[in-house]
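# Summary of the model geometry
As a plain string of letters, each chain reads:
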Amino acid sequence: MTKENYHFTYYDEFKKKHHTDFKTNEYHNLMELLFDKYLEEWGDCKGRAWCGTCHIQIIEGEISEKIDTDEKNTLSKIEGVTPKSRLACQIPLNSELNGIVFKIMETS
Ligand code: FES
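Thresholds, definitions, all that
Residue positions within a chain follow its written sequence, with the count starting from 1. Thresholds applied to this predicted model are a pLDDT of at least 70 for local features of residues and 80 or more for the giving and counting of side-chain atom pairs; totals over whole chains, interfaces and linings are not thresholded and use all residues. Each nonpolar core consists of buried Ala, Val, Leu, Ile, Met, Phe, Trp, Tyr and Cys residues. Their C-beta atoms, within 7 Å, join them into a set. Buried, partly exposed and exposed are defined by the number of other C-beta atoms within 10 Å of a residue's own C-beta, namely 20 or more, between the two limits, and 12 or fewer respectively, with C-beta atoms placed from the backbone. Strands are runs of DSSP state E lasting at least two residues, helices are runs of H or I lasting at least four, and both sets are numbered from the N terminus onward. Note on contacts: residues are paired as contacts if their backbone-placed C-beta atoms lie within 7 Å. Here the rule is simple: two strands pair whenever DSSP picks up at least two bridges between them. Each axis is a line fitted through C-alpha atoms, and for a helix only the stretch in contact is used; angles between axes span 0 to 180 degrees, taken between their N-to-C directions.

## What to know about the nonpolar core
Grouped together as the largest cluster of nonpolar side chains are 22 residues, with contacts concentrated most on Leu30, Met31, Leu34, Cys54, Ile56, Ala88 and Cys89. Sorting the residues of this core by element identifies strand 1 (5–11), helix 1 (30–37) and strand 5 (101–104) as the ones contributing at least two each. Looking at this core, the element that brings in the most residues is helix 1, giving five residues. Sequence-distant contacts of Ile56, that is, excluding residues within four places in its chain, are made with Arg86, Ala88, Phe102, Lys103, Ile104 and Met105.

In structure tokens form, the structure reads like this:
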């Protein structure tokens, strides 16, 4: 099976725009990719949907991966959550992320 290269765009907490290439399933989830390559200060719970440090908001595109109970509970406890909010650790690195645009939300 060949793995194609995809890309997405995100804005960091300083509103700086970044383009990132990725391969599907290169990491377990979106949080792990960003943690490994760009952002060191998030992912405190290592992807268990408990800490909320990997809060993102989708600007363009859709993610069909359902929000499970743990993610819903954690999102309900953090500030600035909107219907476009997700936890990056709960989003698989698949082709659906190709072309998506999102922003990293600051955690307090
Ligand atoms: S890494 Fe903790 S909620 Fe995503």
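## A closer look at the environment of Ile63
Structurally, the position occupied by Ile63 is in the loop between strand 3 (55–60) and helix 2 (69–75). Between the alpha carbons of Ile63 and Lys84 there is a distance of 9.6 Å; along the sequence they are 21 residues apart. Excluding residues within four positions of it along the chain, Ile63 makes contact with Ile58, Arg86, Ile91 and Glu96.

## Some words on the sheet that holds strand 4 (residues 85–87)
Strand order in the open sheet formed by five strands is 2-1-5-3-4, and the pairing between neighbours is mixed. Looking at which strands have only one partner, the edges of the open sheet turn out to be strand 2 (17–23) and strand 4. Neighbouring strand axes in the sheet, compared pairwise and without regard to direction, differ in orientation by 40 degrees on average. As paired strands, strand 1 and strand 5 are joined by three bridges and run parallel to one another. Residue Thr9 lies in a different strand from strand 5, and its bridge partner there is Val101.

## Comments concerning the pairing of strand 1
Within a regular strand, side chains alternate between the sheet's two faces. Where strand 1 lies against strand 2, seven bridges are found, and the strand directions are antiparallel. For His7, the partnering residue across the bridge sits in strand 2 and is Asp21. From the end of strand 1 to the start of strand 2, which pair antiparallel, there are five residues, and Lys15 there has a positive phi angle of about 65 degrees.

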